Amino acid sequence: MKARKSIRVLFIMMIALVMAAGLTISASAAAKVPAKVAGVTAIKPTTNTVITIKWNKAKNAKLYQVNYKKATAKKWTVLKKTKALKLKKSGLKANTKYNFRVRGVNGKKYGKFSKVLTQTTYATPGKVNIKSVFPKKRTAGNIQLQWSKAANASWYEIQAYRLNGKAFSANTSNSTTYANIHETKPNTWYGYKIRTVNAKTGKFPAIKSAWTAMYYACTTSGDRVITGVKNKYNNYGLVEYEMTGTTPFRIGEDDPLIPTGFVDMSDKYGPIFETDKLCCNAVTFPADYNDTEVAGNTYTVGDSFKGQSITCIEIFYDTNDDGPVNTSVVSIICGDDGDRYDYEWD
């Protein structure tokens, strides 16, 4: 009887020893230190405030701990522990270098950190200000645009459209000017969209801004050339144009050659409207013009008008409380004192 009891006790002890050994083996396996993480690289940033990194799977790693900091900082920040092999960090600052490192985690065991990855956040370039766009030069077969410089722009993309909606192949410009290289026709409207490109993105693709709204401009006819200059003494972007050539400006026919170019300048008294103006050597009034004094006549700089010599002819759109209206105002300026005579087509 005692022998059987002894055998039973011995058997139980053996089972306990085996189970203990198994538990020891399992605990030992779970406690293995993860291998050093390798292959930490950056994936294309989705925005100028995001960096996404990835890494290779490390032996014995159940989780991965990711740390980051600004490249100039001393203290690391623990982002999170993750089972994934990549991580996206947002809320960063543009044009700033950041360091990342990753290590494997197995229970309470931590592997060695990976090599430090240094990655820069690339800025999305600023959008071109549509109010700064204007045709610097126009001829019968060409339109040259100009606009203000945008932040972080390596170059600019220009998409041109004919008024019927046909789009031409997009072109690029390394400066803030662009001359058509597509087919253009006289007295034809064209539309343009512009966006900026930041190509300083290392191995990643260039980053592009949003397109501007459409800007429209019309070509001239014959030998007429219209050049435009921003008025440096006007803070609201008014553009002054000058037309040269043998053909006079024809009221009622050439009005599209004056871009509206108006700007809503709001102040405490309400909106104020301005238009671009065009100076030309000569102007022709139609025979049915409402003012019989000038109807059917052509006036040229240097001619005598009301007993004085014409020194300048200015043409611009009229405005009312709602903005520019589709009628041209002609100002014939005479004499040394600059006497002005205004004519408006009702």
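Right above here is the structure, for reference.
Residues numbered from 1 in each chain as written. Predicted model: local features only at pLDDT ≥ 70, side-chain atom pairs only at ≥ 80, totals over all residues. Heavy atoms only, no water.

**What to know about the overall build of the chain**
In step 1: The helix and strand tally for the chain stands at one helix and 26 strands.
In step 2: The 346 residues of the chain split such that 40% are buried.
In step 3: Of the contacts formed within the chain by residues at least 6 apart in sequence, a portion of 58% connects residues at least 24 apart.
In step 4: Here the chain has roughly 19500 Å² of accessible surface; of this, 53% comes from carbon and sulfur atoms. (Helix = DSSP H or I, 4+ residues; strand = E, 2+ residues; numbered from the N terminus. Buried < 20%, exposed > 50% of the residue type's maximum accessible area, 1.4 Å probe, protein only. Contact = heavy atoms within 4.5 Å. Areas by Shrake-Rupley, 256 points an atom, 1.4 Å probe, with all protein chains shown as cover.)

**Some points on the nonpolar core**
In step 1: Within the largest apolar cluster, 43 residues are counted, with the highest numbers of intra-cluster contacts made by Trp147, Phe249, Phe285, Ile315 and Ile332.
In step 2: Listing elements by their share of this core, those giving two or more residues are strand E10 (143-146), strand E11 (155-162), strand E14 (189-198), strand E16 (215-218), strand E18 (239-244), strand E20 (277-280), strand E24 (308-320) and strand E25 (323-334).
In step 3: Per element, the largest residue contribution to this core is four residues, and it comes from E24.
In step 4: Residues contacting isoleucine 332, with those up to four places away along its chain left out, are Phe285, Tyr299, Phe305, Ile310, Cys312, Asp339, Arg340, Tyr341 and Tyr343.
In step 5: Membership of the second largest hydrophobic core comes to 20 residues, among which are Ala42, Ile53, Leu92 and Phe204. (Core = buried A, V, L, I, M, F, W, Y, C linked by side-chain atoms within 4.5 Å.)

**Some points on the environment of tryptophan 189**
In step 1: Along the chain, tryptophan 189 turns up in strand E14.
In step 2: Judged by its relative accessible area of 28%, tryptophan 189 is partly exposed.

**Some details on the environment of lysine 277**
In step 1: As for its position among the elements, lysine 277 is in strand E20.
In step 2: Among all residues touching lysine 277, those that are not within four sequence positions of it are Val239, Glu240, Tyr241, Glu314, Ile315 and Phe316.
In step 3: At a separation of 3.1 Å, a polar atom in the side chain of lysine 277 contacts the side chain of glutamate 314. (Polar contact = N/O pair within 3.5 Å; in protein donor to acceptor, adjacent residues only side chain to side chain.)

**Considering the pairing of E18**
The side chains of a regular strand alternate, residue by residue, between the two faces of the sheet.
In step 1: Only one face of E18 is buried, namely the one carrying Val239, Tyr241 and Met243, since none of Glu240, Glu242 and Thr244 on the opposite face is buried.
In step 2: With six bridges joining them, strand E17 (residues 225-230) and E18 adopt antiparallel strand pairing. Residue pairing for E18: valine 225 is matched across the bridge by threonine 244.
In step 3: As judged from the four bridges shared by E18 and E20, these two strands associate in the parallel manner. (Pairing = 2+ DSSP bridges.)

**Notes on the pairing of strand E6 (residues 97-106)**
In step 1: Most of E6 is tucked away: nine of the 10 residues are buried.
In step 2: Here eight bridges tie strand E3 (residues 63-70) to E6, and the two strands are oriented antiparallel to one another. Considered in E6, the bridge of leucine 63 is made with valine 105.
In step 3: Bridge count between E6 and strand E8 (residues 117-120): four bridges; the pairing is antiparallel.

**Structural notes on the packing of aromatic side chains**
In step 1: Inspection of every chain in the model, using the stated rule, returns 12 aromatic pairs.
In step 2: Between tyrosine 68 and phenylalanine 100 the ring centres are 6.0 Å apart and the planes differ by 25 degrees, which places this aromatic pair in the stacked class. Placement of tyrosine 68 in strand E3 and of phenylalanine 100 in strand E6 is noted, with a sequence separation of 32 residues between them.
In step 3: Relative accessible area serves as the criterion here: at 0%, phenylalanine 100 is assigned to the buried category. (Phe/Tyr/Trp six-rings, centres within 6.5 Å; stacked < 30°, edge-to-face > 60°.)

**Topic: the side chain of serine 209**
In step 1: Note on placement: serine 209 falls in the loop between strand E15 (207-208) and E16.
In step 2: Residue classification places serine 209 among the buried residues on the basis of a relative accessible area of 8%.
In step 3: A polar contact is formed between the side chain of serine 209 and the side chain of threonine 196, at a distance of 2.9 Å.
In step 4: Residue contacts for serine 209: discarding those within four places in its chain leaves Pro125, Gly126, Lys127, Arg195 and Thr196.

**Things to note about the state of the cysteines**
Note on terminology: disulfide describes a covalent bond linking the sulfur atoms of two cysteines.
In step 1: By the definition in use, this model includes zero disulfides.
In step 2: For cysteine 279, which is in no disulfide, the shortest distance to another cysteine sulfur is to cysteine 312 and amounts to 4.2 Å. (Disulfide = S-S within 2.5 Å.)

**Thoughts on the sheet that holds strand E19 (residues 249-250)**
In step 1: Spatially, three strands are ordered E19-E21-E22 in an open sheet, and the strand pairing comes out mixed. The sheet terminates laterally at E19 and strand E22 (298-300), the two strands that pair on one side only.

**Thoughts on the pattern of salt bridges**
In step 1: One pass over the full model with this rule turns up nine salt bridges.
In step 2: The residue glutamate 157 makes a salt bridge to arginine 195 at a minimum N-O spacing of 2.8 Å. Here glutamate 157, found in strand E11, pairs with arginine 195, found in strand E14; they are 38 residues apart in sequence, far enough to count as distant. Across this residue pair, the class does not change: glutamate 157 and arginine 195 are buried. (Salt bridge = Lys/Arg side-chain N within 4 Å of Asp/Glu carboxyl O.)

**Comments concerning unusual backbone geometry**
As a rule of thumb, non-glycine residues mostly have phi less than zero, and peptide bonds are mostly trans rather than cis.
In step 1: Residue asparagine 95 is not a glycine yet carries a positive backbone phi of 55 degrees.
In step 2: Its location among the elements puts asparagine 95 in the loop between strand E5 (86-89) and E6.
In step 3: One non-glycine residue, asparagine 152, lies in positive phi territory at about 60 degrees.
In step 4: Here asparagine 152 lies in the loop between E10 and E11.

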